[in-house]
Amino acid sequence: MRNFTCVNDIGNLKSAVEEAFEIKAERYKYCELGKNKTLMMVFFNSSLRTRLSTQKAALNLGMNVIVLDINQGAWKLETQRGVIMDGDRPEHILEAIPVMGSYCDVIGVRSFARFESREEDYNEVILNQFIKYSGRPVFSMEAATRHPLQSFADIITIEEHKKKERPKVVMTWAPHPKALPQAVPNSFAEWMNATDYEFVITHPKGYELDPSFVGNAKVEYDQMKAFEGADFVYAKNWAAYSGDNYGKILCNDRSWTVSNRQMAVTDNAHFMHCLPVRRNMIVTDDVIESPRSLVIPEAANREISATVVLKRILMDL
Ligand code: CP
């Protein structure tokens, strides 16, 4: 594997999940693979799980790790070519990226949607510049439109807990006080569409995702109807995608908060969320603390998804 930015990069999903289970059973099996190799993790945005799990994955493989927080201690980066740099950004990303590449063997990048321009976000301008100019394999640690390490961990978690061959998985929008990117729901939908699960998306009108991510999913605007018979409920907030509403909050209806009321019509569904989660906005305390909640095992599987991805990248160096 050269780069990892979306579901297509993982190849056969069934094989990838089997590999994840093998790694989980013996996570230090490839501890020599990364000897004398350096991972650089570049964060344009905050993180708890991605930072820790990816670093742990690299250590499992015997790699050295450098972490750079762009907004804490590094020079502020200009990202647009052609700009007269007389403002507060003393370094251009076009020099910074190849310099970073010269100090490492593999680069992970976290760069969220900025909501300044849908075109810029959906063209993955930052991530693609790393791929183009670093001279190194690059993997996404959540970019503007996708969060593939999270989605891979989500699938591993569902495969571990499913009781039916084709579980019903429902992704539901839930309220949040801030406008959040569509990366997690886009990516989850993309990975779900690569399975043969029954996949339903539910959200208030106006929160339609990019159709290329929705794919074959059923969209159901009635949340209670969507939840009927669900085996897994995946909650997430996202801001509007469509037209002039891109990046806006259109609804704060707290009846969409996942509670025992909706969970009661499921088939004793497991609750999932990528975390961090705002309790009693996205999900009630009761649901997230219930024995059916998978939020902790889901986060723990981030170490496994990252180990598989880094192992594959190292094998092709
Ligand atoms: N789920 C996830 O990516 O968590 P962090 O934002 O804390 O890395």
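Along every chain, residues carry numbers that run from 1 in the direction the sequence is written. Reporting of local features is limited, given that this is a predicted model, to residues whose pLDDT is at least 70; pairs of side-chain atoms are given and counted only at 80 or more, and all residues count toward the totals for whole chains, interfaces and linings. Side-chain measures were taken over the full set of non-hydrogen atoms in the model, leaving aside hydrogen atoms and water.

**Points about the nonpolar core**
In a soluble, globular protein the nonpolar side chains are often hidden away together inside. Formally: Definition of nonpolar core: a set of buried residues of the types Ala, Val, Leu, Ile, Met, Phe, Trp, Tyr and Cys, connected through side-chain atoms within 4.5 Å. Partly exposed describes any residue whose relative accessible area lies between the buried limit of under 20% and the exposed limit of over 50%, with all areas from a 1.4 Å probe on protein chains only and scaled to the type maximum. Only DSSP runs of H or I reaching four residues or more are called helices, and only runs of E reaching two or more are called strands; each is numbered from the N terminus. Domain borders in the structure are assigned automatically or taken from a domain database. In what follows, a contact means two residues having at least one pair of non-hydrogen atoms within 4.5 Å.
By size, the foremost hydrophobic cluster in this structure holds 54 residues, and its most contacted members are Ile-10, Phe-139, Phe-152, Phe-199, Val-309 and Leu-310. In terms of residue count, the dominant contributor to this core is helix α12 (residues 295-315) (7 residues). Here this core spans two domains, and each of domain 1 (7-146 + 301-315) and domain 2 (150-298) adds at least three residues to it. Sequence-distant contacts of Phe-139, defined by excluding residues within four places in its chain, comprise Phe-4, Leu-39, Thr-54, Val-106, Ile-107, Gly-108, Val-109, Leu-149, Val-309, Leu-310 and Ile-313.

**Focus: the site of the ligand**
How we decide: Here a residue is considered near a molecule or strand provided that any single heavy atom belonging to it is located within 4 Å of it. Under the rule applied, a polar contact is a pair of N or O atoms within 3.5 Å (in protein, one hydrogen donor and one hydrogen acceptor; residues adjacent in sequence only if both atoms are side-chain atoms). The pocket and cavity definitions rest on a 1 Å grid over protein atoms only: a 1.4 Å probe that fits but cannot leave marks a cavity, an open set with protein on both sides within 12 Å along at least five of seven lines marks a pocket, and residues lining either have an atom within 4 Å of a point. Put plainly, a molecule is in a cavity or pocket when over half of its atoms are within 2 Å of the grid points there. Throughout this entry, Asp, Glu, Lys and Arg are counted as charged residues, while Ala, Val, Leu, Ile, Met, Phe, Trp, Tyr, Cys and Pro are counted as nonpolar. The remaining residues, Gly among them, count as polar.
Within the structure, the ligand sits among Ser-47, Leu-48, Arg-49, Thr-50, Arg-110, His-147, Gln-150, Cys-274, Leu-275 and Arg-302. In this structure, an oxygen atom belonging to the ligand sits 2.7 Å away from a side-chain N or O atom of Ser-47. Here an oxygen atom of the ligand and a side-chain polar atom of Arg-302 are 3.1 Å apart. For the ligand, the cavity whose grid points lie within 2 Å of the majority of its atoms is the largest pocket. Each residue belonging to the shell around the ligand can be placed in one class, and the counts come to 3 nonpolar, 4 polar and 3 charged. Two domains each put at least three residues into the shell around the ligand: domain 1 (7-146 + 301-315) and domain 2 (150-298).

**Focus on the sheet that holds strand β2 (residues 64-69)**
Quick note on the threshold: By the convention used here, strands pair only if DSSP detects at least 2 bridges between them. Axis lines are fitted through C-alpha atoms, for helices just across the contact stretch, and the angle between N-to-C directions can take any value from 0 to 180 degrees.
Strand order in this open sheet of 4 strands is β2-β1-β5-β6, and the pairing throughout is parallel. The strands lining the two open edges of the sheet, one partner per strand, are β2 and β6 (138-140). Here the strands of the sheet are splayed against their neighbours by 20° on average, with no regard to which way each runs. Sitting on the sheet, helix α2 (residues 49-60) touches β1 (38-43), β2, β5 (106-110) and β6, and the angle it makes with β1 is about 175°.

**A look at the packing of helix α6 (residues 148-161) against helix α7 (residues 183-192)**
Inclusion rule: Should an angle lie under 35 degrees it is considered roughly parallel, over 145 roughly antiparallel, and from 65 to 115 roughly perpendicular; all remaining angles are considered oblique. Crossings are classed by handedness, with left-handed meaning an anticlockwise turn of the near helix from the far one by less than a right angle and right-handed meaning a clockwise turn.
Where α6 contacts α7, the two axes come as close as 9 Å, and the packing angle between them is 50°. Here α6 lies oblique to α7, going by the angle between them. In this structure, the crossing between α6 and α7 has a hand that is right-handed. Here Pro-148, Ser-151, Phe-152, Asp-154, Ile-155 and Ile-158 of α6 lie close against α7, whose contacting residues are Ser-187, Phe-188, Trp-191 and Met-192.

**Quick look at the side chain of Glu-78**
Filter applied, for reference: Only four residue types enter the charge count, namely Lys and Arg as positive and Asp and Glu as negative; His and the chain termini do not. Here, a salt bridge means any Lys or Arg side-chain nitrogen found within 4 Å of an Asp or Glu carboxyl oxygen.
The residue Glu-78 is located in strand β3 (residues 77-78) in this model. Despite being buried, Glu-78 has no salt bridge partner; Arg-89 is the closest side chain of opposite charge, sitting 4.3 Å away. With sequence-adjacent residues up to four places away left out, Glu-78 is seen in contact with Val-83, Met-85, Arg-89, Glu-91, His-92 and Ile-93.

**With respect to the pattern of salt bridges**
Close approach of charged atoms allows side chains of opposite charge to pair. With the rule as written, the count across this model stands at 16 salt bridges. A salt bridge links Lys-24 to Glu-160; its shortest N-O distance comes to 2.7 Å. Residue Lys-24 is found in helix α1 (residues 13-25), and its partner Glu-160 is found in helix α6; the two are separated by 136 residues along the sequence. Asp-285 is the salt-bridge partner of Arg-279, the closest N and O atoms lying 3.0 Å from each other. By relative accessible area, Arg-279 is classed as partly exposed at 41%. The partly exposed category is assigned to Asp-285, whose relative accessible area is 29%. Residues joined in a network through salt bridges with shared partners are Glu-19, Lys-311 and Arg-312.

**So, the layout of surface pockets**
The line we're drawing: Grid points are joined across faces, edges and corners, and a volume is the space filled by probe spheres set on the points.
The space that makes up the largest pocket amounts to roughly 610 Å³. Looking at the largest pocket, it is lined by 30 residues, and the ones nearest its centre are Arg-110, Phe-112, Glu-142, Leu-180 and Pro-276. Within the residue set of the lining of the largest pocket, elements represented by two or more residues are α2 and α7. Counting the residues that make up the lining of the largest pocket, at least three belong to each of domain 1 (7-146 + 301-315) and domain 2 (150-298). Taken as a whole, the second largest pocket encloses approximately 260 Å³ of empty space. Taken together, 14 residues form the lining of the second largest pocket, with Leu-13, Lys-14, Glu-159, Lys-162 and Tyr-197 sitting closest to its centre. Elements represented by at least two residues in the lining of the second largest pocket include exactly α1 and α6.

**Focus: the pairing of strand β8 (residues 198-202)**
Rules: Looking down the strands as they point away from the viewer, one classifies a crossover as right-handed if the path from the first strand across the helix to the second runs clockwise.
Extensive coverage of β8 is indicated by the burial of 4 of its 5 residues. Bridge analysis of strand β7 (residues 168-173) against β8 gives 5 bridges, and the strand direction is parallel. Opposite Met-171, over in β8, you have Ile-201 as the bridge partner. Traced from β7 through α7 to β8, the parallel crossover comes out right-handed. Bridge count between β8 and strand β9 (residues 218-219): 2 bridges; the pairing is parallel. Following the sheet pairing, Val-200 is matched in β9 by Lys-218.

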